[in-house]
Amino acid sequence: MKNTLTKGTMTTMTTMNTPLHLTNLFTHVTRARLNNILRLATLAAACLALPTHALAQSTCPEDLDGSGYVDSGDVSLVLLASGECPVPTPSISFVNPSSGPTAVFTAITIVGTNFTGATSVTVGGVAASYVVVSANTITAIALAHSVGAVDIVVVTPNGTVTLVGAFTYFVSSWYTILEQAPNAALVPDAAVRANIVASGFPWRVRDNSSGIEMLLIPGGTFTMGCSPSNSYVCNSNENPTHQVTLSKAFYLGKTEVTQAQWQAKMGSNPSYFSGNANNPVEQVSWNDIAGFNTATGLRLPSEAEWEYACRGGTTTAFHSMPGYPNGTNDDSLLGNIAWFNCNGGCNTHPVAGKAANAFGMYDMSGNVWEWCNDRYGSYAAGNAMDPAGPSSGLDRVLRGGYWTFGSGTCRSSSRHNIDPDIRYGLIGFRVARTP
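Counting of residues starts from 1 at the beginning of each chain's written sequence and follows it residue by residue. Two thresholds apply to this predicted model, a pLDDT of at least 70 for residue-level local features and 80 or more for giving and counting side-chain atom pairs, whereas whole-chain, interface and lining totals are computed over all residues. Only hydrogens and water are removed before side-chain values are computed, so all heavy atoms of the structure are retained for them.

Trainee: Run through the packing of aromatic side chains, naming residues and quoting values.
Mentor: Any two rings among Phe, Tyr and Trp, with Trp reduced to its six-membered ring, count as a pair given centres within 6.5 Å; such a pair is stacked if its planes are under 30 degrees apart, edge-to-face if over 60, and tilted if neither. Counting across every chain of the model gives 14 aromatic pairs. An aromatic cluster of three or more residues is present, and its members are Trp174, Tyr175 and Tyr251. A ring is scored as having a charge over it whenever the NZ atom of a lysine or the CZ atom of an arginine sits within 6 Å of its centre and within 35 degrees of its normal. In this structure, Lys354 packs its charged tip against the face of Trp339, placed 4.1 Å from the ring centre. Over the face of the ring belonging to Trp286 we find Arg396, whose NZ or CZ atom lies 3.9 Å from the ring centre.

Trainee: Residues and numbers for the pattern of salt bridges, please.
Mentor: When charged atoms on two side chains of opposite charge get close, those side chains can pair. Each salt bridge in this description consists of a side-chain nitrogen of Lys or Arg and a carboxyl oxygen of Asp or Glu lying within 4 Å of one another. All chains considered together, the criterion is met by eleven salt bridges. One salt bridge connects Glu179 with Arg204, and the closest N-O pair in it is separated by 2.9 Å. Here the residue Glu179 occupies a position in strand E12 (residues 175–179), and Arg204 occupies one in strand E13 (residues 204–207), the gap between them amounting to 25 residues. Here's how the labels work: a residue is buried when its accessible area is under 20% of the maximum for its type, exposed when over 50%, partly exposed in between, all with a 1.4 Å probe on protein chains only. Arg204 gets classed as buried once you look at its relative accessible area, which sits at 18%. Among the salt bridges present, the one from Glu370 reaches Arg430, with a minimum N-O distance of 2.8 Å. One end of the pair, Glu370, is in strand E18 (residues 369–375); the other, Arg430, is in the loop between strand E22 (427–428) and strand E23 (432–433), with 60 residues separating them in the sequence. In the salt-bridge network here, residues are joined through shared partners; they are Glu303, Glu307, Arg311, Arg399 and Arg415. Note on conventions: DSSP H or I runs of at least 4 residues are helices, E runs of at least 2 residues are strands, and numbering of each starts at the N terminus.

Trainee: Go over the layout of surface pockets with me, naming the residues and quoting the values.
Mentor: Any residue with an atom within 4 Å of a point lines the site, the site being either a cavity, points on a 1 Å grid over the protein atoms alone where a 1.4 Å probe fits but cannot get out, or a pocket, an open set with protein on both sides within 12 Å along at least 5 of 7 lines. Grid points are joined across faces, edges and corners, and a volume is the space filled by probe spheres set on the points. What the second largest pocket holds in volume is close to 550 Å³. Lining the second largest pocket are 29 residues, and of these Asp189, Gly312, Gly313, Pro325 and Ala358 lie nearest its centre. Those elements giving two or more residues to the lining of the second largest pocket turn out to be helix H5 (190–198), strand E15 (220–224) and helix H8 (303–311). In this classification, the charged set is Asp, Glu, Lys and Arg, the nonpolar set is Ala, Val, Leu, Ile, Met, Phe, Trp, Tyr, Cys and Pro, and all remaining amino acids, among them Gly, are polar. For the lining of the second largest pocket, the class distribution of residues is 14 nonpolar, 13 polar and two charged.

Shown next as structure tokens:
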């Protein structure tokens, strides 16, 4: 094989007879490796043709052995690396959520590498519908399955990967599913709906023990504390404002507990305004409610859960309402979402009679004050994760305002305290449950 290298008037001629064993080696070198060799030869020609002082000052990218020259040593390194390029095989790092009910479809996210072109996803041996979001993410639907841990398998053109016991099916005996996915009419924010679906739990359920309808509230981060309205400033106990993160989704009663629901479980109706079974139960103390919750397996929401659910993503004094998706500070508009200040007669009213907030919750403002689980105390400065209130103290927290008082107590951040033994015709509650 002859090569002629020319630079100006300088010409060199080289002749090389290739032995048979090298010829066989070359036949196994991939096109990519041959291209590298040709590039090496071209650069070698250019570098050899340069004057000595130019060589000393130049850098050749294909000088693989760092000798300062592109020569046979560099070609040998390329030949030693010859062969097929490694195939990018897939891998699975984790699955979120990692569990779901046996009787429903669960939306899951599979995180890993090299998912491009995936041709199959199975969960527990059952083919799942899926979308390849990126090379590192697949979203899929885990279909109904028997209880227990199952494998997740992803098949791609470059290989198959299995994560053993990646998803666990469990039996959900405490609720009946009313709607699996959130209704856009009640939960208008697409991002909130996506977070609810991503949790893997059904959106709207009925608690089998009490008959109470509950909605799933996805976890998230919000600013807790002072939100003044146009007519009312914040009380000192609403400060300092601070960021709170609720790390887990939770269920919350879509309405306040009604007189019918209380009576069905407790056998009597203590309410002062007892003319309508769909009115909220009142004249129940915090301690009375502890008995109801023991009988049903439910609980009171924490104060942070209550405010997060009330705000529904807003930062204003009052949560969203028709025409005001981001909430409002205008006290004159409160009647759209709340029974307060005797705006419908000085008494309680049937639940869900006003507009819901962006989570689908009714009567978070007005109708009756609502007990929270927390002991009452001052806010601590700084960010908080899943706060549960002070560890000591007598009084418990009330939230939401009530039927006979002004708009100031109906603000999302307004908070009050009272002895847990007190019963009034303006205090009721709503229930929560951890999935």
